[in-house]
Amino acid sequence: MDHQGMIIRPPSEAGSVLLQVTLGCSHGRCAFCGAYLEKRFAIKPRETVLADILYAARHLRGQRRVFLCDGDAMILPQARLTDILSLIREHLPWVTRVGTYANAKSLKRKSDAELAELRGLGLGIVYMGLESGDDAVLDEMGKNGDADFIVEQGRRARAAGFKLNVTVVNGLGGVERSREHAEATARALTRMDPDQVGALSLMLVPGTPLHDRFERGEFAIPDARGILLELRRMLAGTELTRGLFLADHASNYLPLKVRLPSGKQAALDRIDQALAGAARLRDESVRRL
């Protein structure tokens, strides 16, 4: 298959057909993100995408999910995106779900009717980066829009019938805004009420604006204890109707998989044990993006 550059996909899409329909990210200005530093955003030709779908039809018949790469396939024009979904349905009829990354800007460009059309054609899950509910942090990190805007688009995605998986980043407010970042993010997650939250811990990537700020002494990352305190505040303040709060990414010091609301107190107790030194943390040397 025509995979250009490094392919980024959510952990839950490890067994999916990775169908690269765009290159890079349509926004590409987040200060902390180094995922697509080597790529300029572009839409891949239809014939290339079709060739990959036909390859999957011949060689990947055991894989029942498709993930549309790169950073934001939702930005594709509606006609192009419906064409891709129709090709998947035609040539990969055994596929049960298609997923994609999306940002608030790309969701805003779709009407409610267009989102419903995509859902009807098999797009079943949307992975969306909230990162923070603190407007000051969002602005400093170069995100597109404030928390209200991102929450609104996430709620529209859920209303259209998509499963919504939202990513947040502990440490993104630095030491200075750790509490504000955690508490505002919890409020935003509660309002958005996603099916799943993925909480990562900040790891600086060389070549990004945030890494440069860190090197100049303009940004301080909370230490392991600070990250745990931030995670505790965030989890304590997050109320989901029914969903998962995951902090089991390789970047996290304390892996957690929490079913909300039933499992919250047990998870908070485990964080308290870690803060008291009674639970082992992931060593800094093995933390990964």
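Residues numbered from 1 in each chain as written. Predicted model: local features only at pLDDT ≥ 70, side-chain atom pairs only at ≥ 80, totals over all residues. Heavy atoms only, no water.

*Asks:* Sorry, what's going on with the nonpolar core here?
*Replies:* In a soluble, globular protein the nonpolar side chains are often hidden away together inside. In this structure, Leu19, Val66, Leu68, Met74, Ile88, Leu92 and Phe245 are the most contacted members of the largest nonpolar core, which totals 66 residues. Each residue touching Val66, except ones within four places of it in the same chain, is listed here: Ser16, Val17, Leu19, Ile88, Leu92, Val95, Arg97, Val98 and Gly99. (Core = buried A, V, L, I, M, F, W, Y, C linked by side-chain atoms within 4.5 Å. Buried < 20%, exposed > 50% of the residue type's maximum accessible area, 1.4 Å probe, protein only. Contact = heavy atoms within 4.5 Å.)

*Asks:* I tried to follow unusual backbone geometry on my own but got confused; where do I start?
*Replies:* In most cases, non-glycine residues show a negative phi, while peptide bonds are predominantly trans. Residue Asp70 follows Cys69 across a cis peptide bond; omega there is 10 degrees. Structurally, Asp70 can be placed in the loop between β4 (65-69) and α2 (78-91). The omega torsion across Leu260 and Pro261 is 5 degrees, close enough to zero to call that bond cis. Although it is not a glycine, Glu131 adopts a positive phi angle of roughly 70 degrees. Position of Glu131 among the secondary structure elements: in strand β6 (residues 123-131). Owing to a relative accessible area of 10%, Glu131 belongs among the buried residues under this scheme. Of note in the backbone geometry, Asp193 takes a positive phi value of approximately 55 degrees without being a glycine. Mapped onto the fold, Asp193 is located in the loop between α7 (178-192) and β8 (196-201). (Helix = DSSP H or I, 4+ residues; strand = E, 2+ residues; numbered from the N terminus.)

*Asks:* Sorry if this is basic, but what is going on with the sheet that holds strand β1 (residues 17-20) here?
*Replies:* Across a sheet, paired strands are connected by hydrogen bonds in the backbone, their directions being either parallel or antiparallel. Strand order in the open sheet formed by 8 strands is β1-β4-β5-β6-β7-β8-β9-β10, with mixed pairing between adjacent strands. Strand pairing shows two members of the sheet lacking a second neighbour, β1 and β10 (257-260), which therefore form its edges. On average, each strand axis in the sheet is inclined to that of its neighbour by 20 degrees, with strand direction left out of account. Pairing of β4 with strand β5 (residues 97-102), which is carried by 4 bridges, proceeds in the parallel orientation. (Pairing = 2+ DSSP bridges. Axes fitted to C-alpha atoms, helices over the stretch in contact; angles between N-to-C directions.)

*Asks:* Sorry if this is basic, but what is going on with the environment of Lys110 here?
*Replies:* Turning to its location among the elements, Lys110 is positioned in the loop between α3 (104-108) and α4 (112-120). Separated by 96 residues in the primary sequence, Lys110 and Ala14 have C-alpha atoms spaced 28 Å apart. What Lys110 contacts, discounting residues up to four positions off in sequence, is Met74, Leu76, Pro77, Gln78, Leu81, Leu115 and Arg156.

*Asks:* Would you mind showing me how to read the packing of aromatic side chains here?
*Replies:* The description of an aromatic ring pair uses the distance of the two centres, along with the angle that the planes make with each other. Throughout the structure, instances matching the rule amount to 3 aromatic pairs. Centre to centre, the rings of Tyr101 and Tyr127 are 6.1 Å apart; their planes meet at 70 degrees, and the pair counts as edge-to-face. Of this pair, Tyr101 sits in strand β5 while Tyr127 sits in strand β6; the two residues are 26 residues apart in sequence, bridging distant segments of the chain. In this structure, Tyr101 and Tyr127 share a single accessibility class: buried. (Phe/Tyr/Trp six-rings, centres within 6.5 Å; stacked < 30°, edge-to-face > 60°.)

*Asks:* Even after reading the chapter, I still don't get the layout of surface pockets, so can you show me in this structure?
*Replies:* Over the atoms, a rolled probe matching the size of one water molecule traces out where space is still vacant. Put simply, the second largest pocket is a space of about 170 Å³. In terms of residues, the lining of the second largest pocket owes the most to one element, helix α5 (residues 135-140), which gives 3 residues. A breakdown of the residues in the lining of the second largest pocket according to their chemical character gives 7 nonpolar, 2 polar and 5 charged. (1 Å grid on protein atoms, 1.4 Å probe; cavity = no way out; pocket = protein on both sides within 12 Å on 5 of 7 lines; lining within 4 Å. Points joined across faces, edges and corners; volume = space filled by probe spheres on them. Nonpolar A, V, L, I, M, F, W, Y, C, P; charged D, E, K, R; others polar.)

*Asks:* What am I meant to see in the pairing of β10 here?
*Replies:* Both faces of the sheet carry side chains from a regular strand, because those side chains alternate between them. Burial along β10 is one-sided: the residues Val258 and Leu260 are buried and none of Lys257 and Arg259 is. Judged from the 4 bridges that link them, strand β9 (residues 243-246) and β10 form a sheet pairing that is antiparallel. Its bridge partner lying in β10, Leu246 is registered against Lys257.

*Asks:* How should the state of the cysteines be read in this particular structure?
*Replies:* By definition, a disulfide links the sulfur atoms of two cysteines through a covalent bond. All told, the structure shown has 0 disulfides when counted by the stated rule. The thiol of Cys30 is unpaired, and the distance to the nearest cysteine sulfur, on Cys33, comes to 6.2 Å. Looking at the unpaired Cys69, the closest cysteine sulfur is the one in Cys25, lying at 13 Å. (Disulfide = S-S within 2.5 Å.)

These figures come from the coordinates and say nothing about function on their own.
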